[in-house]
Amino acid sequence: MRSRNPVFSRRGFSRDNGYAGFNTAPQAGGPAVGTQGDPYAQGNPYAQQSGNPYAQNPYAQNPYAQQDVQYGTPPQAPATTGRMTMDDVVTRTASTLGVLVVTAALAWALLPVDDAHISRSYGLGIGAALIAMVLGFVQSFKRKASPALILAYAAFEGVFLGVLSSVVDNRIASGAAMQAVIGTMAVFAAVLVAYKAGWIRVNRRFYGFVMAAALGFVLLMVVNTLFAVFGGGDGLGFRSGGLGIVFGVIGVLLGACFLALDFKQVEDGVAYGAPRQEAWLAAFGLTLTLVWIYMEFLRLIAILNSND
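Residues numbered from 1 in each chain as written. Predicted model: local features only at pLDDT ≥ 70, side-chain atom pairs only at ≥ 80, totals over all residues. Heavy atoms only, no water.

Caption draft 1: Seen up close, the packing of helix H5 (residues 204-231) against helix H6 (residues 241-271). Between H5 and H6, the least distance of the axes is 10 Å, while the angle of their chain directions is 140°. Viewed along their axes, H5 and H6 form a crossing whose handedness is left-handed. Facing H5, whose interface residues are Phe-206, Tyr-207, Val-210, Met-211, Ala-213, Ala-214, Phe-217, Leu-220 and Met-221, H6 presents Phe-247, Ile-250, Gly-251, Leu-254, Cys-257, Phe-258, Ala-260 and Leu-261. In terms of residue class, the contact of H5 with H6 is made up of 16 nonpolar, one polar and no charged. (Axes fitted to C-alpha atoms, helices over the stretch in contact; angles between N-to-C directions. Helix = DSSP H or I, 4+ residues; strand = E, 2+ residues; numbered from the N terminus. Left-handed = near helix turned anticlockwise from the far one by under 90°. Contact = heavy atoms within 4.5 Å. Nonpolar A, V, L, I, M, F, W, Y, C, P; charged D, E, K, R; others polar.)

Following this line, the structure appears as structure tokens:
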């Protein structure tokens, strides 16, 4: 698998030759050269690649490929075990998000943000965010998924989100947390429908554009944060006022693009017979994306209410 930066990088299921199936060479039995422009016509990135742990695809040599002479029925794919399915992805994503939601709710309830306790609560939230970031980076550069690491990331990220949501909801904009949740769910549903309907085509060009835009976005936010820390105020103003609203909308749109990339990765992983353990990586990626979108919505709501 490619490097997965927990801030903006998306990780495909091909370890050697690129993101998902975009940079893979055609395999035996794959498409003709003239079809290589279509990302959905590319060869299986799990089949016959040097050093690829998924090279032994059970569908590469199908023992049932011969026509059934007696009944004339079409060949059937062999039953497989240990391969990632959509149910695996849904189950593990639900588990990861469940841990995040539970710890967020506990942080909201147990870490008050009134004047007497906000410093301590916010400090604990920032500490949890730093731990979650470290765990996310560790998992990103591991060759295999670690369920314990991913669930630990979700737990600490939940503590941070619980404190942050409580601060915004109780001190800036009442109801902001629920509005951000609804907005995140709406974006998820809209992108899923658009992806399944074929309105969004995830190809190499789309991937390159999203990665370039995400890199520029993150660099601008880092520069803005540094100016705010060392220069005081709102830094360059990218997170307040009119510019803050513009960049908040851009952040949500980038999150929607990340979701499309995540859906493509899951689709390819299931189609190409990725190991079941890879479902945890899919859950990790989806969780990162949903957290990104939620935080952008929360920031937008806070900016809009502070401008009233």
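From this point, things continue past the structure.
Caption draft 2: Up close: the environment of Ile-126. Along the chain, the position of Ile-126 falls in helix H2 (residues 118-140). By relative accessible area, Ile-126 is classed as partly exposed at 35%. Sequence spacing of Ile-126 and Val-163 is 37 residues, and the spatial spacing of their C-alpha atoms is 8.8 Å. (Buried < 20%, exposed > 50% of the residue type's maximum accessible area, 1.4 Å probe, protein only.)

Caption draft 3: Structural context of the nonpolar core. By size, the foremost hydrophobic cluster in this structure holds 61 residues, and its most contacted members are Val-187, Leu-259 and Leu-261. Of all elements in the fold, only helix H1 (86-110), H2, helix H3 (147-171), helix H4 (176-196), H5, H6 and helix H7 (278-306) reach the threshold of two or more residues within this core. Looking at which element gives the most residues to this core, the answer is H7, with 17 residues. Excluding anything up to four places from it in sequence, Val-187 contacts Val-252, Ala-256, Leu-259, Ile-293 and Phe-297. Among the nonpolar cores identified, the runner-up in size contains six residues, and Ala-107, Leu-111, Val-113 and Ile-118 belong to it. (Core = buried A, V, L, I, M, F, W, Y, C linked by side-chain atoms within 4.5 Å.)

Caption draft 4: Structural view of a nonpolar patch on the surface. There is a patch of nonpolar side chains on the surface, built from Tyr-122, Ile-126, Leu-130 and Met-133 and spanning about 350 Å² of accessible area. When you line up the elements, Met-133 lands in helix H2. Look at Met-133 and you get partly exposed, because its relative accessible area is 41%. (Patch = residues over 30% accessible without salt bridge, like charges linked within 9 Å, V, L, I, M, F, W, Y side chains within 5 Å. Areas by Shrake-Rupley, 256 points an atom, 1.4 Å probe, with all protein chains shown as cover. Salt bridge = Lys/Arg side-chain N within 4 Å of Asp/Glu carboxyl O.)

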